[in-house]
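Each chain, letter by letter, is given below.
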Amino acid sequence: MDAINLTETIDTDFIKEVAKESGENPSLCYQCGNCTAGCPYTHFFDYPVSMVMRLLQTGQKETILTSKAIWLCATCETCTTRCPCNIDVAHIMDTLRIMARREGKVSEKDIRLFYDTFLSSMRQFGRIYEVGLLLSYNLKSGHLMADADLGPKVLSRGKIHFLPKKIKGAGEVAKIFERFEGKSDRHG
Amino acid sequence: MRVGVFICHCGNNIAGTVDVAKVAEETRKIPGVAYATTYMYTCSEPGQEEIKEAIKREKLDRIVVAACSPRMHELTFRRTIEKAGLNRYFFEMANIREHVSWIGENRELNTKKAIEAVRMAVAKVMQNKPLYSSSFKINKRVLVIGGGVAGMQAALDCADGGLEVVLVEKSPSVGGMMARLDKTFPTVDCSICILGPKMVDVAQHEKIKLYAFSEIEDIKGYVGNYQIKIKKKATYVDWSKCTGCGACMEKCPSKNAYDAFNFGVAPTRAINIPFPQAIPKKAKIDPKYCRQFTKGKCGVCAKICPTKAINYEMVDEIVTEEVGAIIVATGYSLIDMEKLPEYGGGKYPDVISGIQYERLLNASGPTAGHIVRPSDHEEPKTIVFVSCAGSRDKSIGIPYCSNFCCMYIAKQAILTKDHIPDSQSYVFYMDIRSPGKGYDEFTRRAQEEYGVHYIRGRVSRIYPKGKKMVVRGADTLLGTQVEIEADLVVLGTAVVANSDAAHMAEKLHISYDTSGFYVESHPKLRPVETNTSGVFLAGACQGPKDIPASVGQGSAAASKVQALFSKDMLESDPAIARVNINTCVGCLKCVSTCPFQAIKDKELKDGRVVADVIETVCAGCGVCTSTCPCGAIQLQHFTDNQLLAEVNALCQM
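For clarity, every value in this text was computed on a predicted model and none was experimentally measured. (Residues numbered from 1 in each chain as written. Chains lettered and ligands numbered in written order. Predicted model: local features only at pLDDT ≥ 70, side-chain atom pairs only at ≥ 80, totals over all residues.)

> How do you make sense of the overall build of chain A when you look at a structure like this?
Across its full length, chain A holds 13 helices and zero strands. Looking at the 188 residues of chain A, the share that counts as buried comes to 29%. In chain A, 62% of the contacts between residues at least 6 apart in sequence involve partners at least 24 apart. (Helix = DSSP H or I, 4+ residues; strand = E, 2+ residues; numbered from the N terminus. Buried ≥ 20, exposed ≤ 12 C-beta atoms within 10 Å, placed from the backbone. Contact = placed C-beta atoms within 7 Å.)

Right under this line is the structure:
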C-alpha cells in the first residue's frame with residue numbers, strides 16, 4: 001500500500017456526514033478489533049470491519065465507498081453486539097452503502113441489484129415472492145443458474161411457491177415505498 | 001462600615017474575558033464600599049501585602065476578594081485579614097473565575113455578571129458576624145480499615161511513629177491480594193517472601209491492635225474524636241486457645257467448602273486456616289459447610305483440638321474503639337467472570353481468572369505450584385491470556401483501565417515458560433500499558449526472551465472443542481481473524497470496587513465515583529486526603545493500582561495522620577449550627593434529620609425542651625436549618641439574613 005498523504009486525504013466532511021447520517025460517533029472506536037474477531041464474513045472482505053472503521057476515522061472516503069466490504073456485510077450485527085464502545089457498527093455499514101449508492105460508487109453491482117429486486121418484489125406483492133425474485137435477479141444479473149439446485153428441495157418442502165401470495169394491506173406497503181420515493185435522492 | 005474590595009486579574013484567567021477596571025469602578029458606587037482596586041495576582045505575597053496595607057490606610061473593617069473559587073484561596077485571605085487585625089469571618093470571596101470568566105466568552109456579559117457577584121459578596125460581608133473557633137483535644141489513635149499491603153504499610157508507619165493503631169481486617173488473615181500472588185513484577189520476587197515480614201511486624205508490633213475477621217459496624221464522631229463500633233465475626237474457634245496446629249483442618253470431614261483465599265480454584269475444609277503464612281494463624285469454621293451446623297452433628301474438630309478451642313456456640317461480638325483519624329485501605333475486587341459470557345469463564349473449567357492462575361502458580365496454592373488444567377489436572381501446553389477482560393469496556397460500564405493486568409499477564413507468561421519449558425503462551429492485548437520503572441523492559445523480555453506471542457486484538461469468543469478451548473479473536477495488525485486451540489485460558493479480569501464500597505463510604509461520609517472508587521480531595525495535590533477531615537485513603541480503594549503505588553499511598557496517608565496528630569489540640573470550625581432557645585419549639589425534627597447525630601434534646605431550667613447542637617460534632621452541612629419550621633436553628637456564617645442579603649442584592653440589579 002502506498003503511503004497515504006493524510007494532510008491531503010483526510011476528508012473531515014465525510015467523517016461528519018457519516019456521523020450525522022448514522023447517528024454514531026466514529027471517534028469512539030479505539031481499534032480493539034472485536035468487530036473483526038466476531039465477523040462471519042471477514043474472510044471475503046477486502047477490508048475487515050475494524051479497518052473500515054479506521055478508514056472512516058482517517059476520512060478515506062474514496063477507499064471506503066468503493067470497497068467490497070460494505071456490500072458483503074450481511075448486517076448480522078455481531079459487530080454491534082460485541083463493540084465495547086457501544087458503536088452500532090452495522091448501522092454505520094448501512095449508512096456507507098447508502099452513501100456509496102448516492103455517489104454512484106457501488107463496487108458490487110450484483111448485490112445492489114439483489115437489494116433492488118428484493119424491494120421491488122416487496123413493493124409489488126407486499127411480501128417477498130421468492131420464485132419471481134430469483135428469476136428476475138438471475139435474468140438481470142446474468143447468473144442464470146444461481147441457486148437453481150436448491151429449487152427442487154425447497155419447493156418439495158413447501159418453503160416457496162410458484163405463484164405469488166398477496167397479503168392483506170399490500171397497498172399500505174406500496175404506499176410506504178411511495179412516501180419514501182420523495183426522499184430517494186437523499187438515499188440513492 | 002467600610003468594605004474594601006480587591007478584584008484579581010489572575011493573569012489572563014479573569015482579565016482575559018472580564019473588564020476588571022469596570023468591575024472596580026462599579027463596585028466603588030456600592031453603598032458601604034470605601035475602597036476598590038484591581039491587582040494582577042491578589043493571592044501573591046505582594047497582593048496580600050496590598051490588602052493588609054489598605055486595611056490600615058483606609059481603615060477597612062470588611063474585605064471582599066473577587067477572584068477564584070473559595071476552595072482555592074479562602075483560607076489564604078482569611079489568614080491575611082486576621083494578620084491585619086480583622087476577624088477572619090469578616091471576609092467574603094466572589095468567584096469570578098470558575099463561575100464567570102472560565103465559562104463565558106462574552107466580555108460585556110461576563111463583566112456584568114462579575115459586578116453582580118461582587119455586589120452579592122459585599123451585601124453578605126456587611127451582614128457577617130465575628131466568629132471564634134474553640135479548640136478541643138485530639139485522640140491520637142488511628143484506625144486503619146483493611147489489612148492489605150496499603151493498610152499494613154500505613155499501620156506500620158503510624159505505629160513506628162509512636163501512634164497507637166487499630167487495624168481492622170474483614171478476612172481471617174492480613175495480607176490482602178498481595179498474599180495470594182506468586183511473584184511480583186518486574187523483579188519476579190516471591191510475593192509472600194517480601195510481604196511475610198510486614199505481616200509478622202503487624203502482628204508483633206506493640207502499638208498495633210489487630211482485629212482480624214472483623215468489620216466496621218458503625219462510625220460516630222469527627223476528626224480528632226471518633227467512636228468506632230467493630231463487629232468481631234464469630235469464628236467458632238477461641239483464638240486465645242488456638243495454636244494454629246492445623247489438626248482440625250486435617251480431620252474435618254467436610255471437604256467441599258468454598259475457598260475464598262484461593263478464589264475457588266480448589267475446595268477447602270469447613271474448618272480451615274487460609275494459608276500457611278496467615279497472620280493470625282488461627283482456624284475458623286465456615287458454618288455454611290460445617291456438618292455441626294448443617295446437620296447438627298459431627299464435632300470432629302472439637303474432639304481433635306488439643307487445646308479445646310472449638311466453640312460452636314460463639315456469636316458475633318461488638319467492641320468499641322476510640323480514635324482520632326481513619327485510614328481507609330479497603331482494596332478492590334475483581335469482576336465476576338460470568339459477566340463476560342463470550343469468554344465462558346465460570347461455565348468452562350479451563351477458562352480461569354488471572355488471580356486463580358496466580359494460585360495455581362503459587363507453591364503454597366492448592367496444586368503446590370504445579371500448573372494443571374482444572375478440568376482433568378493435565379499440564380497445559382498452550383495457554384492463552386486475554387487482557388482487558390471487562391476493562392475499557394463501556395458496554396458493561398467499566399470505561400477505565402485496570403492498571404496492572406498488562407504487567408501481571410507478562411509475568412504469568414514468563415512464569416509459565418519457567419514451569420513448563422515446552423509450553424507456548426499467547427497474549428491478546430489492545431495496548432500494552434507498562435509505564436512504571438523497568439516495566440516496559442519486562443514486557444519486552446516476555447516477548448524477546450520467553451517467546452510469548454503477543455496478538456494485538458480482542459477475543460470475540462471462546463468455546464470447547466474436544467479437550468481444547470478454541471479462542472477466536474482478531475489480529476488487527478494482520479487485519480484477520482485468528483484462532484488458537486488452547487489447553488487453558490486465563491482472563492485478565494477487570495478491577496472493580498468492593499460490593500460494599502458505597503455502604504462503607506456512607507459510614508465514613510466520604511465520596512465515591514460512578515465506579516465505586518473513593519474520591520480523593522484533589523487528584524494532583526491531595527491524593528490521599530478526602531473531603532472529610534480526618535479520613536485518609538490508601539491503595540486500590542481509590543482506584544486500581546499496583547503494589548508500589550499502594551505502598552506509597554499507605555506511607556503517605558500515615559504521614560498525613562502524623563502531621564494531623566503533631567498538635568495536641570484542634571481548632572473547631574465555628575461555622576456550625578446554633579439554636580435560638582427563645583424561638584425553638586422543641587419539635588426536635590432537626591435531631592432526626594441531622595446526618596451526623598450532632599443535635600440532642602436539652603431540658604431548660606423552666607422545664608422546656610429545646611434542641612442543642614454538639615459543637616464538635618456538627619459538620620456545618622445546614623440540613624437542620626432547612627428542616628426547622630420556625631427558623632430557630634441557624635448555620636453560623638450562612639444565616640437566613642446573610643443569604644437573603646445576597647438574594648436582595650441580586651434582585652435589586
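From this point, the narrative continues.
> It is not clear to me how the overall build of chain B should be interpreted in this structure. Could you clarify?
The number of helices and strands found in chain B is 19 helices and 32 strands. With the C-alpha coordinates aligned to their principal axes, the bounding extent of chain B is approximately 90 × 70 × 40 Å. Taking as baseline every contact in chain B between residues at least 6 positions apart, the subset at least 24 positions apart corresponds to 69%.

> Would you mind showing me how to read the pairing of strand S7 (residues 164-168) of chain B here?
Within a regular strand, side chains alternate between the sheet's two faces. All names here are of chain B. Most of S7 sits inside the fold, with four of its five residues counted as buried. Relative to S7, strand S6 (residues 141-145) runs parallel, the two sharing five bridges. If you follow leucine 143 over to S7, its bridge partner there is valine 166. Taking the sense of rotation as the criterion, the β-α-β connection linking S6, helix H7 (residues 149-160) and S7 turns out right-handed. (Pairing = 2+ DSSP bridges. Right-handed = clockwise from strand over helix to strand, strands pointing away.)

> I would appreciate a short explanation of helix H8 (residues 89-102) of chain A in the present structure.
All names here are of chain A. The terminal C-alpha atoms of H8 lie 20 Å apart, and with 14 residues this matches the ideal 20 Å at 1.5 Å per residue to within 8%. Within H8, burial applies to Val89, Ala90, Ile92, Met93, Thr95, Leu96, Arg97, Met99 and Ala100. Where H8 is buried, its residues touch helix H2 (12-22), helix H3 (34-38), helix H4 (49-57), helix H5 (61-65), helix H6 (69-72) and helix H7 (78-82). (Expected span 1.5 Å × (residues − 1).)

> Help me understand the domain arrangement of chain B, please; the structure alone is not making it clear to me.
How big an interface is tends to be expressed through the accessible area that disappears when the partners come together. Residues and elements named next belong to chain B. What the domain assignment reports for chain B is domain 1 (3-127), domain 2 (141-230 + 318-331 + 501-564), domain 3 (234-315), domain 4 (333-496) and domain 5 (577-636). Between the C-alpha centres of domain 2 and domain 4 there is a distance of 30 Å. Domain 2 puts twelve residues into the contact, and the matching count from domain 4 is 18 residues. Class assignment for the residues of the side of domain 2 that touches domain 4 results in six nonpolar, one polar and five charged. (Domains from an automatic or database assignment. Nonpolar A, V, L, I, M, F, W, Y, C, P; charged D, E, K, R; others polar.)

> Which parts of the structure should I look at to understand the sheet that holds strand S27 (residues 535-537) of chain B?
Hydrogen bonds along the backbone pair up the strands of a sheet, which may run parallel or antiparallel. Residue and element names in this part refer to chain B. Pairing in this open sheet of five strands is parallel, and the strands run S10-S7-S6-S16-S27 from one edge to the other. Strands at the two margins of the open sheet, each flanked by one partner only, are strand S10 (208-211) and S27. Adjacent strand axes in the sheet meet at a mean angle of 20° when their direction is disregarded. In terms of strand pairing, S7 meets S10 through four bridges, oriented parallel. By the bridge assignment for S10, leucine 167 is matched with leucine 210. Against the sheet, H7 engages S6, S7, S10 and strand S16 (325-328), with an angle of about 165° to S7. (Axes fitted to C-alpha atoms, helices over the stretch in contact; angles between N-to-C directions.)

> Please explain the environment of B:Thr583 as it appears in this structure.
One can find B:Thr583 in the loop between strand S29 (577-579) and helix H17 (589-593). Other than its neighbours up to four places away in sequence, B:Thr583 contacts B:Cys630, B:Gly631 and B:Ala632.

> Whenever I open this one, the nonpolar core confuses me. Can you help?
Inside soluble globular proteins, nonpolar side chains tend to come together where they are buried. Residue and element names in this part refer to chain B. By size, the foremost hydrophobic cluster in this structure holds 135 residues, and its most contacted members are Ala155, Ile327, Val328 and Val489. Among the elements that make up this core, the one with the highest residue count is helix H13 (residues 405-419) (nine residues). Discounting chain neighbours no more than four positions away, the residues touching alanine 155 are Val144, Val165, Leu167, Val202 and Ile208. With 44 residues, the next largest nonpolar core counts Cys8, Ile14, Ala36 and Met93 among its residues. (Core = buried A, V, L, I, M, F, W, Y, C linked by C-beta atoms within 7 Å.)

> For this particular structure, what's the right way to read the interface of chain B and chain A?
Across the contact, 17 residues belong to chain B and 16 residues belong to chain A. When contributions to the side of chain B that touches chain A are tallied by element, the ones reaching two or more residues are strand S22 (459-465), strand S23 (468-475) and strand S24 (480-486) of chain B. Class assignment of the residues belonging to the side of chain B that touches chain A gives a composition of three nonpolar, eight polar and six charged.

> What's the story with helix H12 (residues 354-361) of chain B in this structure? I'm lost.
Owing to its 3.6 residues per turn, the α-helix brings residues three or four apart onto one side. All names here are of chain B. Most of H12 sits out of view: seven of its eight residues are buried. By the burial criterion, the buried members of H12 are Gly354, Gln356, Tyr357, Glu358, Arg359, Leu360 and Leu361. Against strand S18 (351-353), H13 and strand S25 (488-493) lie the buried residues of H12.

> For this particular structure, what's the right way to read the pairing of strand S19 (residues 382-389) of chain B?
All names here are of chain B. Here S19 lies mainly inside the structure; seven of its eight residues are buried. In terms of strand pairing, S19 meets strand S20 (residues 424-429) through five bridges, oriented parallel. Directly across from isoleucine 383, in S20, lies its bridge partner serine 425. Read from S19 through H13 to S20, the crossover connection turns out right-handed. By the bridge criterion, five bridges tie S19 to S25 in an arrangement that is parallel. Looking at S25, one finds that valine 384 is bridged to valine 489.

> Would you mind showing me how to read the sheet that holds S18(B) here?
Residues and elements named next belong to chain B. A sheet is described by the order of its strands in space; here five strands give the open sequence S18-S25-S19-S20-S21, paired in parallel fashion. The strands lining the two open edges of the sheet, one partner per strand, are S18 and strand S21 (453-456). Taken pair by pair, the neighbouring strands of this sheet meet at an average axis angle of 25°, ignoring direction.

> I keep staring at unusual backbone geometry and nothing clicks. Help me out?
Across the chain, the bulk of peptide bonds are trans and the bulk of non-glycine residues have phi less than zero. Here the bond from B:Phe185 into B:Pro186 is cis, since omega is -5°, no more than 30 degrees from zero. When you line up the elements, B:Pro186 lands in the loop between strand S8 (183-184) and strand S9 (189-190). Positive phi is not limited to glycine here, since A:Asn86 has a value of about 60°. Here A:Asn86 is to be found in the loop between H7 and H8. One non-glycine residue, B:Arg392, lies in positive phi territory at about 55°. Note that B:Arg392 resides in the loop between S19 and H13. Overall, B:Arg392 belongs to the buried group, with 20 C-beta atoms counted inside 10 Å.

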